[in-house]
Amino acid sequence: MLLSDKSIKEAIKAGRIAIKPYFEDCIQPSSIDVHLDSKFLLFNKSQHAVIDVRQKQEGLMRTVEIKEGEPFILHPGEFVLGSTLEWIKMPNDIAARIEGKSSLGRLGLLIHSTAGYVDPGWEGNLTLELSNVSPLPITLYYKMKIGQISFTQMSTPVDKPYGSKGLGSHYQGQKVPVASKFYEEF
């Protein structure tokens, strides 16, 4: 069951879903808008000829931080990691999806490639996989609305929430965009 605006507000008020900072005016009919944080991870293309998914590659990405009011320019075909301003904590019986804003999608901005799912038990700032598929550069700004999260009530609480021992939950508790840890699977 997808949570309505009323149910989202009730879950936040009861502390079942935690979102900080929380802006009640960002509640939509079946989601809540989230904002872009100030830090981005960019690929160091000049220092790496290939991404080897089996190896930890030091210096594969570098951090760039923007100030409020300063644009981050995402060029056509470019891919960077960003994160939500909001820190989110999920209960063990609710899952979520993060999706882009329609108005930004109409400009060619994608906010995730595959990582749109938020597991029960998740805690942290969500990493965004930002891509520009338009023919022109797109400016991004700290604190701009970047996406929306919808919540689904599960049939029962999960046995092993995200972060449980043995699951290999690589990103629990992250506060900034975090590069891939897929190499840990080998």
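For the structure itself, consult the block above.
Residues numbered from 1 in each chain as written. Predicted model: local features only at pLDDT ≥ 70, side-chain atom pairs only at ≥ 80, totals over all residues. Heavy atoms only, no water.

Structural notes on the layout of surface pockets
Turning to step 1, where the next piece is worked out: By volume, the largest pocket is sized at about 1200 Å³.
Turning to step 2, where the next piece is worked out: What lines the largest pocket is a set of 41 residues, among which Y171, V178, A179, S180 and K181 lie closest to the centre.
Turning to step 3, where the next piece is worked out: Secondary structure elements with two or more residues in the lining of the largest pocket: β3 (39-43), β6 (79-89), β9 (117-118) and β10 (123-132).
Turning to step 4, where the next piece is worked out: Looking at the lining of the largest pocket, the element that brings in the most residues is β10, giving three residues.
Turning to step 5, where the next piece is worked out: Of the residues contributing to the lining of the largest pocket, the split by class is 24 nonpolar, 10 polar and seven charged. (1 Å grid on protein atoms, 1.4 Å probe; cavity = no way out; pocket = protein on both sides within 12 Å on 5 of 7 lines; lining within 4 Å. Points joined across faces, edges and corners; volume = space filled by probe spheres on them. Helix = DSSP H or I, 4+ residues; strand = E, 2+ residues; numbered from the N terminus. Nonpolar A, V, L, I, M, F, W, Y, C, P; charged D, E, K, R; others polar.)

Some thoughts on the sheet that holds strand β7 (residues 94-100)
Turning to step 1, where the next piece is worked out: Strand order in the open sheet formed by four strands is β2-β12-β7-β9, with antiparallel pairing between adjacent strands. In this open sheet, the two strands that pair with only one neighbour each are β2 (32-35) and β9.
Turning to step 2, where the next piece is worked out: In terms of strand pairing, β7 meets β9 through two bridges, oriented antiparallel. Bridge pairing in β9 places R97 opposite Y117. (Pairing = 2+ DSSP bridges.)

With respect to the pattern of salt bridges
Turning to step 1, where the next piece is worked out: Under the counting rule described, the total for this entry stands at seven salt bridges.
Turning to step 2, where the next piece is worked out: D33 serves as the salt-bridge partner of K145, at 3.6 Å between the closest nitrogen and oxygen. Of this pair, K145 sits in strand β12 (residues 145-153) while D33 sits in strand β2, and the two are 112 residues apart along the sequence.
Turning to step 3, where the next piece is worked out: For K145, a relative accessible area of 38% puts it in the partly exposed group.
Turning to step 4, where the next piece is worked out: We classify D33 as buried; its relative accessible area is 2%.
Turning to step 5, where the next piece is worked out: Among the salt bridges present, the one from E68 reaches K143, with a minimum N-O distance of 3.5 Å. With E68 in the loop between β4 (61-65) and β5 (71-74) and K143 in the loop between β11 (138-141) and β12, this residue pair connects regions lying 75 residues apart in the sequence.
Turning to step 6, where the next piece is worked out: Three or more residues joined by partner-sharing salt bridges are found here, namely D33, K101 and K145. (Salt bridge = Lys/Arg side-chain N within 4 Å of Asp/Glu carboxyl O. Buried < 20%, exposed > 50% of the residue type's maximum accessible area, 1.4 Å probe, protein only.)

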